[in-house]
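Each chain is listed here by its residues.
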Amino acid sequence: MPQLGRAASPGLLIEVARMAEEAGFDDVWTADHVAVPTDLEGMPSFFPEPVPLLSAVAAHTDRVGLGTSVLIPAYRNPMQFAKQWATLDWLAPGRTILGVGAGWLEPEFEACGVPMVRRAQRLDDYLGGWQAAWSGATEYQSEHFSFTGVRVNPRPATPIPVWVGGSSPGALRRAARCDGWMGTWAPPEVFAERLALLRAEQDRLGRAPGDTTISIHMELRLGDPLADAGRWSVVGDGYGDREMVVGDVDHIARTLVPYIDAGLEHVLLVPLAPTPHDWHHHVQTLTHLLGQPIDP
C-alpha cells in the first residue's frame, strides 16, 4: 500500500486498499521501520507505523487480508504488542497476517534501545510468547520474553498466520516452522535453491509442503523506469538480488512463470508509484494478473 514517500496519505491508503479488495486481490501489506537513519540514502523518514495503518484499512474493507512485510518484533515491547495485534485481529477477525523478520539495520536497533546480537533468538522467543498468550496461556518463559499469572484479551478467534521474511539459512529454517515464507526477490534459480532448503527443513520437521505458503516480493514499475532519485526503495528496502521488473503487465506475468514452476504460490506486488495517479494506474492494470492463465 502507499505507506511512505511522496504519495502517502490516509485517503490514498484507504483508496488503494478498497480498490485491491474490489478487484479481488487476496491481501494488502504494510512495511516497518521505526527510526530511519539520517545517513541512509534512498529511504524516506516518513514511514508511518504499520498496525495503526492496518486498523484504518480494516475499518474501510470487509474481506481483504491485512499483513506486515515485514514487522521487526525486536523494536517493540512483546507483551504490549501481543495485545495490539490481538486487538487488530478483533477489529478484522481472521484477516491478519503477521509477517516478521529478525531485522538488519543496526542504527535502528540502537535507536530502539535493543541489542542487535541474538536478534534471531529474540524473534523466536517473541513468537513463542505471542502464540502462548493468544492461545490463552497465563505463563511463558524464555530468554527474552516471559510472563506469569496474566492474560491477554481479546484473544484471536483463530490462530494468527505467521509469515517469516528473509532468505538467510536461519530465516528459511524459521519459515519452515511457520505459516508462510516471504522471500526477497532473486533470480529464479536462486529462489529455487532457497525453496529447496526450506522444503528440506520441512521434511526434517515432518511438515507438509502445504503447511507453509511460498511468497516472494516483486518490486515493479509499469511503463518507463524511474530515475534513481525517485526509487525510494533501492537502499535498505530494496527487495533482493536483482533489479525491479519494468515493463507491461504481460512482461510481469512472463517473469513470474519460472518462479511458479519452482513452487511460488503468492506474490507481493510492490509498485514503484510516486503519485496517487500512478498508484491508481498500477493497481487497476495489475488486476489483469488475477485469475488469468500465465503462459511463457
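A brief look at the structure comes next. (Residues numbered from 1 in each chain as written. Predicted model: local features only at pLDDT ≥ 70, side-chain atom pairs only at ≥ 80, totals over all residues. Heavy atoms only, no water.)

## Observations concerning the environment of Gly99
Condition: Helix and strand definitions follow DSSP, with helices as H or I runs of at least four residues and strands as E runs of at least two, each counted in order from the N terminus. Two residues form a contact once any of their heavy atoms are found within 4.5 Å.
Looking at the element boundaries, Gly99 is found in strand S3 (residues 96-100). Linking Gly99 and Thr30, residues 69 residues apart in sequence, is a C-alpha distance of 9.6 Å. Filtering out sequence-adjacent residues up to four positions away, Gly99 remains in contact with Thr68, Val70, Leu71 and Trp163.

## Quick notes on the environment of Asp26
Here Asp26 shows up in the loop between helix H1 (10-23) and strand S1 (27-30). Sequence separation between Asp26 and His266 is 240 residues, and the spatial gap between their C-alpha atoms is 9.3 Å. Apart from the residues within four sequence positions on either side, Asp26 is in contact with Arg63, Val64 and Gly65.

## A short note on the pairing of strand S8 (residues 213-222)
Spelled out, the test is: Per-residue accessibility, obtained with a 1.4 Å probe over protein chains only, is compared with the maximum for each type, and a residue is labelled buried under 20%, exposed over 50%, and partly exposed between these values. What makes two strands pair is DSSP finding at least two bridges between them.
Within S8, 9 of the 10 residues are buried, which leaves the element mostly enclosed by the surrounding structure. Here strand S7 (residues 180-183) runs beside S8; their pairing, made up of 4 bridges, is parallel. Across the sheet, residue Trp181 finds its bridge partner in S8, namely Ile214. Here S8 runs beside strand S9 (residues 245-247); their pairing, made up of 3 bridges, is parallel. Bridge assignment links Leu220 to a residue of S9, and that residue is Val245.

## Regarding the pattern of salt bridges
Note the following rule: For this analysis, a salt bridge means a side-chain nitrogen from Lys or Arg found within 4 Å of a carboxyl oxygen belonging to Asp or Glu.
On inspection of all chains with the given rule, the structure shows 7 salt bridges. As a salt-bridge pair, Arg221 and Asp278 come within 2.5 Å of each other at their nearest N and O atoms. With Arg221 in strand S8 and Asp278 in helix H9 (residues 276-286), this residue pair connects regions lying 57 residues apart in the sequence. Like Asp278, Arg221 is buried. Three or more residues joined by partner-sharing salt bridges are found here, namely Asp32, Glu49 and Arg76.

## A word on the packing of aromatic side chains
Formally: Stacked, tilted and edge-to-face pairs are distinguished by plane angle, under 30 degrees for stacked and over 60 for edge-to-face with tilted covering the rest, among Phe, Tyr and Trp rings (Trp via its six-membered ring) whose centres lie within 6.5 Å.
Applying the stated criterion across every chain, the model contains 13 aromatic pairs. Seen in terms of ring centroids, Phe81 and Trp130 are 4.8 Å apart; in terms of plane orientation they differ by 45°. Their pairing is tilted. Pair noted here: Phe81 is in helix H3 (residues 78-91) and Trp130 is in helix H5 (residues 119-134), with a separation of 49 residues, a long-range link. A relative accessible area of 0% means that Trp130 is categorised as buried. Seen in terms of ring centroids, Trp185 and Tyr259 are 4.6 Å apart; in terms of plane orientation they differ by 25°. Their pairing is stacked. Taken together, the residues Trp185 in the loop between S7 and helix H7 (188-205) and Tyr259 in helix H8 (residues 249-262) connect sequence positions 74 residues apart. The burial state of Trp185 is the same as that of Tyr259; both residues are buried.

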